[in-house]
Structures are given as structure tokens and as C-alpha cells.
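As a plain string of letters, each chain reads:
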Amino acid sequence: MAAGEKGQQIDLGSLSTQQLSQVKKQLDDEVQHLSNSYQNLRAAQQKFRDCVVSIKQGVAESVRDKPLLVPLTSSLYVPGKLSDTDHVIVDVGTGFYVEKTTDDAQKFYNGKVEELETNIKELENIVNGKANNLRVVEEVLRQKVLAGPQGGQGGGEGG
């Protein structure tokens, strides 16, 4: 039996304040994690956009044979010169590099940007749903706390 994406529906009114606090903490953690993932996807998308700009501006005939710095690692650069303005080496992931024409490289990176945009929109919807659930749990918890101890203890018997 496959697990459903919607999860279980729980009557929040039947939970004790302690159980509601646990649900709230779990939702807080999920929203925080998903928000971090969202920011990471946005950062990756911006890196791919920067790659397109670098190809457009940095691999042009006007730059040919002019001195530039070539990154060997994230902190080590060596001097070099651009000898071919028609081809670039593209990092396609997991340590693999492929030689592509500048047009193909731009298409590759633009495709990555669009793919990430789709993932970001899906993640945005999930984050918004979790945030709404969190608000509902917080409101029910607030009402239980305001109702006093008799309202918060009733759902916890036998557990």
C-alpha cells in the first residue's frame, strides 16, 4: 500500500496542549527545512543565470587573447588567455565536464534555470500549505491555552 501525499487528517480539537505543541514543533521544523531548501534552489538558479551571463559577456571575440584569471578551485586562480570564443567547458554535474558551443552551453544553463523554476514553484506551494497548517495549529493551541487547564487535558486521557 503506497503512502498518500496528503497524510492523515487529525481533529486538532481532540489533541491535548502537549500534543498540539509537538505538532507545532514538527511543523516549525518542516517549514524551516523547506524554507532552507527553497533558498538553496534560488541560489543554484542564480548561479546558472550567472553562467549564462558569463558566457555572453566573458566569452566574446573582444576578450580573445586578453589576460584573465582561470579558476582551478574555489580559491585558486591562475592567469590565462581565452583562445577559443566558440567553445566552452561545461560542468554537467557530479564532476563531469563536456565541451559545448557557447549557444549549446547557454541553452543547457537556461534549461537548468527553467527546471529549477518549476521545482521552486512546487516547493513554494508546499511551504505555503505547511505554513497555513502551522497557523491553524497555533490558533487551536492558543484557544486551548486560553480555555484553561480543563480544555487542554480532556483529549489526553488513555494515552
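Higher on the page you've got the structure.
Residues numbered from 1 in each chain as written. Predicted model: local features only at pLDDT ≥ 70, side-chain atom pairs only at ≥ 80, totals over all residues. Heavy atoms only, no water.

A word on the overall build of the protein chain
Stated formally: Secondary structure elements follow DSSP: runs of H or I no shorter than four residues count as helices, runs of E no shorter than two count as strands, and numbering proceeds from the N terminus. The cut-offs for exposure are 20% and 50% of the maximum accessible area for each residue type, with area from a 1.4 Å probe on protein chains only; residues under the lower value are buried, those over the upper are exposed, and the others partly exposed. Should any heavy atoms of two residues lie within 4.5 Å, those residues are counted as being in contact. Working definition of accessibility: Shrake-Rupley area with a 1.4 Å probe, residue cover restricted to the visible protein chains.
Within the protein chain, the secondary structure is distributed over 3 helices and 4 strands. Traced from its N-terminal end to its C-terminal end, the protein chain shows the element sequence α-β-β-β-β-α-α. Within the protein chain, buried positions represent 21% of all 159 residues. Of the contacts formed within the protein chain by residues at least 6 apart in sequence, a portion of 55% connects residues at least 24 apart. Summed over all atoms, the accessible surface of the protein chain reaches about 11,600 Å², with 52% contributed by carbon and sulfur.

Notes on unusual backbone geometry
Despite not being glycine, Asp65 has its phi angle at roughly 65°, a positive value. Tracing the chain through its elements places Asp65 in the loop between α1 (17-58) and β1 (67-71). Judged by its relative accessible area of 48%, Asp65 falls in the partly exposed class. With phi around 45°, Thr94 is a residue other than glycine that occupies positive phi space. Here Thr94 is to be found in the loop between β3 (87-93) and β4 (96-101). What makes Thr94 exposed here is its relative accessible area of 76%.

What to know about α1
Test applied: For a helix, the expected span equals 1.5 Å multiplied by the residue count minus one.
Between its terminal C-alpha atoms α1 stretches 59 Å, which fits the 62 Å expected from 42 residues at 1.5 Å a residue. For α1, every residue scored as buried is listed here: Leu20, Leu27, Val31, Leu34, Gln45, Val52 and Ile55. Tucked into the core, α1 has its buried residues touching α2 (102-147).

Focus: the packing of aromatic side chains
The condition that has to hold: To pair, rings of Phe, Tyr and Trp, with the six-membered ring standing in for Trp, must have centres within 6.5 Å; the planes then decide the type, stacked if under 30 degrees apart, edge-to-face if over 60, and tilted in the middle.
For the coordinates displayed, the defined rule picks out 2 aromatic pairs. By the ring-pair criterion, three or more aromatic residues cluster together here, those being Phe48, Phe108 and Tyr109.

Read these as geometric descriptors, not functional statements.
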